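Working through the structure, step by step
What follows is the residue order along each chain.
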Amino acid sequence: MTEKIETDAVVIGAGPVGLFAVFELGLLDLSCHLIDILDRPGGQCAELYPEKPIYDIPGYPVINGQELVDKLMEQIKPFNPVFHLGQMVETLENRVDGGFVIGTDVGTVIHAKVVVIAAGGGSFQPKRPPVPGIEAYEGKSVFYSVRRMEEFRDQDLLIVGGGDSALDWTLNLQPLAKSLTLLHRRDAFRAAPDSVNKMRALVEAGNMHLRFGQVTSLKGADGKLSAAVVKDEKGVETEIACTRMLPFFGLTMKLGPVANWGLNLDENLIPVDTEKFESSHPGIFAIGDINSYPGKLKLILSGFHEAALMAQAAVHLAYPERKIVFQYTTSSSSLQKKLGVI
Ligand SMILES: Cc1cc2nc3c(=O)[nH]c(=O)nc-3n(C[C@H](O)[C@H](O)[C@H](O)COP(=O)(O)OP(=O)(O)OC[C@H]3O[C@@H](n4cnc5c(N)ncnc54)[C@H](O)[C@@H]3O)c2cc1C
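Structural notes, computed from the coordinates. No experiment lies behind these values; they were computed from the predicted model shown.

Some points on unusual backbone geometry
- Even without being a glycine, N80 presents a positive backbone phi close to 45 degrees.
- Accessibility expressed as a relative area gives 60% for N80, which makes it exposed.
- At N268, a position not held by glycine, the phi torsion is positive, near 70 degrees.
- Within the secondary structure layout, N268 lies in the loop between β17 (251-254) and β18 (270-271).

Structural notes on the pattern of salt bridges
- The tally for this structure, following the rule as stated, stands at 13 salt bridges.
- Here R95 ties to E6 by a salt bridge, and the two come within 3.5 Å at their closest N and O atoms. Here R95 is found in the loop between β6 (89-94) and β7 (100-104), whereas its partner E6 is found in strand β1 (residues 5-12), with 89 residues between them in sequence.
- E151 is paired through a salt bridge with R244; the nearest N and O atoms lie 3.1 Å apart. Of this pair, E151 sits in the loop between β9 (123-126) and β10 (156-160) while R244 sits in strand β16 (residues 244-247), and the two are 93 residues apart along the sequence.

Points about the pairing of β1
- A large share of β1 lies buried, amounting to seven of its eight residues.
- Here β1 pairs with strand β8 (residues 109-117) via seven bridges, running parallel. What sits directly across from T7, in β8, is A112.
- Both β1 and strand β2 (residues 32-36) contribute to a ladder of four bridges, which runs parallel. Each residue of the ladder has a partner; that of V11, found in β2, is L34.
- Regarding the hand of the β-α-β motif, the stretch spanning β1, helix α1 (residues 16-27) and β2 is right-handed.

Cut-offs applied
Residues numbered from 1 in each chain as written. Predicted model: local features only at pLDDT ≥ 70, side-chain atom pairs only at ≥ 80, totals over all residues. Heavy atoms only, no water. Buried < 20%, exposed > 50% of the residue type's maximum accessible area, 1.4 Å probe, protein only. Helix = DSSP H or I, 4+ residues; strand = E, 2+ residues; numbered from the N terminus. Salt bridge = Lys/Arg side-chain N within 4 Å of Asp/Glu carboxyl O. Pairing = 2+ DSSP bridges. Right-handed = clockwise from strand over helix to strand, strands pointing away.

Next up, the structure:
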């Protein structure tokens, strides 16, 4: 039986805006669980531009995407948010006695008083390589992310791609796999040079194989992979024996399940008011890139502002009896205690 999780707020999406929402909710004593389909926090900043400089975050003349995420993680630490990473929120339902029940694709069920949708442009989903019939192997022999490393122990593993994910998992899974082949279109990698050097050292030591070309078809039966047919740059086809394949072809953003939660949508965005940033459904808020209102700017700083106002409204809904006094972190000793600075 799954453990019943109760919390004040569930934040759907651990991008910069979802992370800052934890801070604003925390100052008002609301506990938070965050859920993200990605295996790390940071949303677009961490996934799409970790090393790009951002110049319009107040107080930071320049900060790169990953640094901003690291700072946000440090800032929310005092509130002990619980992260459920590598999980997609699929269902969002009303609870008969008020509040909401949130369900993920791996079976996590969380009961919450309020829900904050900070889902950005939607869920990041892996791009499927153009290999005929690959669907039949997905979830059995072909995986687009590593949720459990044990899945790959003692397997003949084929990793496809030349970016950071492909190289990171090559280095992490090589010690577990029975054999490992990394396949990339050509001998030029987008991944961090240090990872590429480590991978080349493993090839030189005879601990893994490096091949160039593209997968054109798969061989196997009943979802069990036995080999991938690979065409090289000269058009010559050969087979690579493998029982597991991990293609890393990048991610696309799709609205995904948000569309099924019965909320009013406007061109795949959630219309909100600009006082509380609440959706058409009381108790469900939408902040950051996922919302729309007149004059909306898809900027991180706009999302931070929305998080602050949302939190003020959320605490009234979650705890109507509480008296909320507006306070500054600079001068309020009670806020400073919550932050652990005094
Ligand atoms: C290249 C680039 C450069 C940019 N430069 C700047 C800049 O200089 N300044 C600036 O202010 N902005 C910039 N932006 C925009 C900025 O990144 C976005 O405004 C910001 O990331 C929005 O934050 P968010 O938290 O709302 O959403 P996101 O960062 O998109 O995070 C949303 C998260 O929700 C998750 N999610 C969605 N649906 C589900 C679901 N059903 N279940 C679980 N998880 C889900 C996603 O996986 C994702 O991690 C840039 C964007 C790009 C692409």
